[in-house]
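# Residue-level structural notes
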Amino acid sequence: MKHIVIVGGGYAGATAAHWIARLGRQRSRVTLINERAEFSERVRMHQLASGKILPTRRLAELSARVRLIVGRVERVDPADRRVLLADGGTVSYDSLILAPGSAARQPDFEVSGPLHSVATHQEALRLRAAVASTVVGDPVTVIGAGLTGLELATELSAVGHRVRVLESDTLAAWAHHRARRWLRAELPRLGVELVATTVRGVEAGLLQTDLGELRSALTVWAGGFVPPDLLGDCGQLNERGQLIVDRALRVPGHPEVLVAGDSAGVVDQAGRPLRMACQTAVPMGARAAGNALRIVHGRPVQRFRMRYVGTNLALGPGHGLTQVSDFDDSPLPVYFTGPASARVKEIASRGAAWSATGS
Ligand SMILES: Cc1cc2nc3c(=O)[nH]c(=O)nc-3n(C[C@H](O)[C@H](O)[C@H](O)COP(=O)(O)OP(=O)(O)OC[C@H]3O[C@@H](n4cnc5c(N)ncnc54)[C@H](O)[C@@H]3O)c2cc1C
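Heads up: these notes are all about the structure in this document. Computed from a predicted structure; not experimentally measured. (Residues numbered from 1 in each chain as written. Predicted model: local features only at pLDDT ≥ 70, side-chain atom pairs only at ≥ 80, totals over all residues. Heavy atoms only, no water.)

### Side note on helix α1 (residues 11-23)
- For α1, with 13 residues, the first-to-last C-alpha span of 18 Å sits near the 18 Å given by 1.5 Å per residue.
- Across the 13 residues of α1, 10 count as buried, placing the element largely inside the fold.
- For α1, every residue scored as buried is listed here: Y11, A12, G13, A14, T15, A16, A17, H18, I20 and A21.
- Those residues of α1 that are buried lie in contact with β1 (2-7), β2 (28-34), β3 (66-70), β7 (95-98), α6 (278-296) and α7 (339-357). (Helix = DSSP H or I, 4+ residues; strand = E, 2+ residues; numbered from the N terminus. Expected span 1.5 Å × (residues − 1). Buried < 20%, exposed > 50% of the residue type's maximum accessible area, 1.4 Å probe, protein only. Contact = heavy atoms within 4.5 Å.)

### Thoughts on the packing of α1 against α7
- In contact at an axis separation of 6 Å, α1 and α7 are set at 45° when each is read in the N-to-C sense. The orientation of α1 with respect to α7, classified from their angle, is oblique. Contact residues: Y11, A14, T15 and H18 in α1; A352, A353, W354, S355, A356 and T357 in α7.
- When its residues are assigned to classes, the contact of α1 with α7 shows 6 nonpolar, 4 polar and no charged. (Axes fitted to C-alpha atoms, helices over the stretch in contact; angles between N-to-C directions. Parallel < 35°, antiparallel > 145°, perpendicular 65-115°, else oblique. Nonpolar A, V, L, I, M, F, W, Y, C, P; charged D, E, K, R; others polar.)

### Points about unusual backbone geometry
- Despite not being glycine, R81 shows a phi value in the positive range, around 50°.
- Taking the relative accessible area as the measure of exposure, R81 reaches 36% and is therefore partly exposed.
- The residue L249 is not glycine, and still its phi comes out positive at about 75°.
- With respect to the helices and strands, L249 occurs in the loop between β19 (243-244) and β20 (250-251).

### Points about the side chain of S102
- Among the secondary structure elements, S102 is positioned in the loop between β7 and β8 (103-104).
- Take S102: its relative accessible area is 7%, and that puts it in the buried class.
- A polar side-chain atom of S102 sits 3.2 Å from a polar atom in the side chain of R42.
- Side chain to side chain, S102 and D262 meet in a polar contact 2.7 Å long. (Polar contact = N/O pair within 3.5 Å; in protein donor to acceptor, adjacent residues only side chain to side chain.)

### Side note on the sheet that holds strand β4 (residues 73-77)
- Ordered in space as β4-β5-β6, the 3 strands form an open sheet in which the pairing is antiparallel. Two strands bound the open sheet, and with one partner strand each, they are β4 and β6 (90-92). Put simply, the sheet's adjacent strands are angled 20° from each other on average, direction ignored.
- In terms of strand pairing, strand β5 (residues 82-85) meets β6 through 3 bridges, oriented antiparallel. Paired with R82 across the two strands is S92, which belongs to β6. (Pairing = 2+ DSSP bridges.)

### A look at the packing of aromatic side chains
- Here the structure, examined in full by the defined rule, presents 2 aromatic pairs.
- Measuring from centroid to centroid gives 5.2 Å for Y11 and F39, while their planes differ by 85°, and the two rings are edge-to-face. Here Y11, found in helix α1, pairs with F39, found in the loop between β2 and α2 (45-49); they are 28 residues apart in sequence, far enough to count as distant. The same class applies to Y11 and to F39, which are both buried.
- Note on F109 and W221: the rings are 5.3 Å apart at their centroids and 90° apart in plane angle, and the pair reads as edge-to-face. With F109 in the loop between β8 and β9 (110-111) and W221 in strand β17 (residues 218-221), this pair connects stretches of sequence that are 112 residues apart.
- By relative accessible area, which is 11% here, F109 ends up buried.
- Given the relative accessible area of 8%, W221 is considered buried.
- The ring centre of F225 lies 4.7 Å from the NZ or CZ of R42, which sits over that ring.
- Cation over ring: R307 sits above F327, and NZ or CZ is 5.3 Å from the ring centre. (Phe/Tyr/Trp six-rings, centres within 6.5 Å; stacked < 30°, edge-to-face > 60°. Lys NZ or Arg CZ within 6 Å of the ring centre and 35° of its normal.)

### Describing the site of the ligand
- In the vicinity of the ligand there are 32 residues, among which A12, E35, R42, D262 and K345 approach most closely.
- Y11 has a polar backbone atom sitting 3.1 Å from an oxygen atom of the ligand.
- In the model, an oxygen atom of the ligand is placed 2.7 Å from a nitrogen or oxygen of the E35 side chain.
- Burial of the ligand by the surrounding chains reaches 92%, relative to a free accessible area of 1,000 Å².
- Looking at the shell around the ligand, the elements with two or more residues in it are α1, β2, α2, α4 (147-158) and α6.
- Sorting elements by how many residues they give to the shell around the ligand places α6 first, with 3 residues.
- Looking at the shell around the ligand, you find at least three residues from each of domain 1 (2-102 + 227-307) and domain 2 (106-223). (Near = heavy atom within 4 Å. Areas by Shrake-Rupley, 256 points an atom, 1.4 Å probe, with all protein chains shown as cover. Domains from an automatic or database assignment.)

### Digging into the sheet that holds strand β24 (residues 320-325)
- The sheet built from 3 strands is open, its strands ordered β23-β24-β25 with antiparallel pairing. Looking at strand neighbours, the two that pair on one side only are β23 (310-314) and β25 (331-337), the edges of this open sheet. Across this sheet, the average inter-strand angle for adjacent strands is 15°, counted without regard to direction.
- Note: β24 against β25, 4 bridges, orientation antiparallel. Along β25, the bridge assignment pairs T322 with F336.

Encoded structure:
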């Protein structure tokens, strides 16, 4: 029986495990290796950090046909077709799906004081403890006004904190200019101050910026994601640190290794890298699963094609901005806001978790 191993049980990896369990029947077995026993609903990490209780989904309950190993993969050895675990164990494979996601990118400024992040479950829990011990009224700073930074800032503002977001670049470049204008006007109404500046350093209780020193009781870095180092064992990385794959998600030189989710360096028809998003990770996980089965059973693989429909930005409980897009992710002059947007975001988030875990 052929053995398919999946590294990472997030949106891409759990979806892949689920699909292989359903499609592989008796001719292949699947092992999922994840650092935690539970599925991390990463799109809700800003809610976890601000004090919400999230439902627990155990990866062991995915399917009786998925063997779960809770552990950390330290290295991949594609020459011998095996992965090496932090506890010294090894797992051999016929086909491997790498889906270890991403974590917070290293900041490009000096850091000598506490700097939090919300990119992973552990970081969100640490931030949650720091938020709980921050006095309401003391300044909270989020560095980076991307989707994650804005979702966190508005969530913290909704629970009473005084929040400012520092950004050196264009606000919401992913949105149509009308949606961007609406967002710029809406943030102050939600109690979030947007400051255009570049951060030069983070010290204890203080930020060094182009505008001078800013006092900050709690500082969070939301400057983007980067995949783990692990991927470099298998092939060439792109400028975002993702492992470059072909259109069928296979690693050049190691066609039995596939990559899915934030770790996959996939480009669209126009050669642009795809967005790191659960919206991308779920269909990629499904395609990687199908192709892993095709590879181990000697059948031709299929190409992965992504079709986007929009971007959802949560702006605190019951509020948001939904930017409708073309299939290629370019914004259309259509957007909606408020409770309708929040409902769409909730349906999308639940749908992604359901696709990955079946619950
Ligand atoms: C606060 C926040 C809000 C977001 N909101 C949205 C949104 O609204 N819409 C959207 O589309 N996207 C959103 N994203 C992005 C989205 O969460 C990611 O793009 C998505 O999680 C990527 O899925 P993945 O399966 O590639 O990786 P992940 O979901 O990160 O899963 C990777 C898994 O691999 C495990 N892992 C990593 N390394 C190892 C290792 N060495 N050994 C074993 N296991 C390992 C991790 O523990 C994790 O369980 C948000 C992200 C954050 C942080």
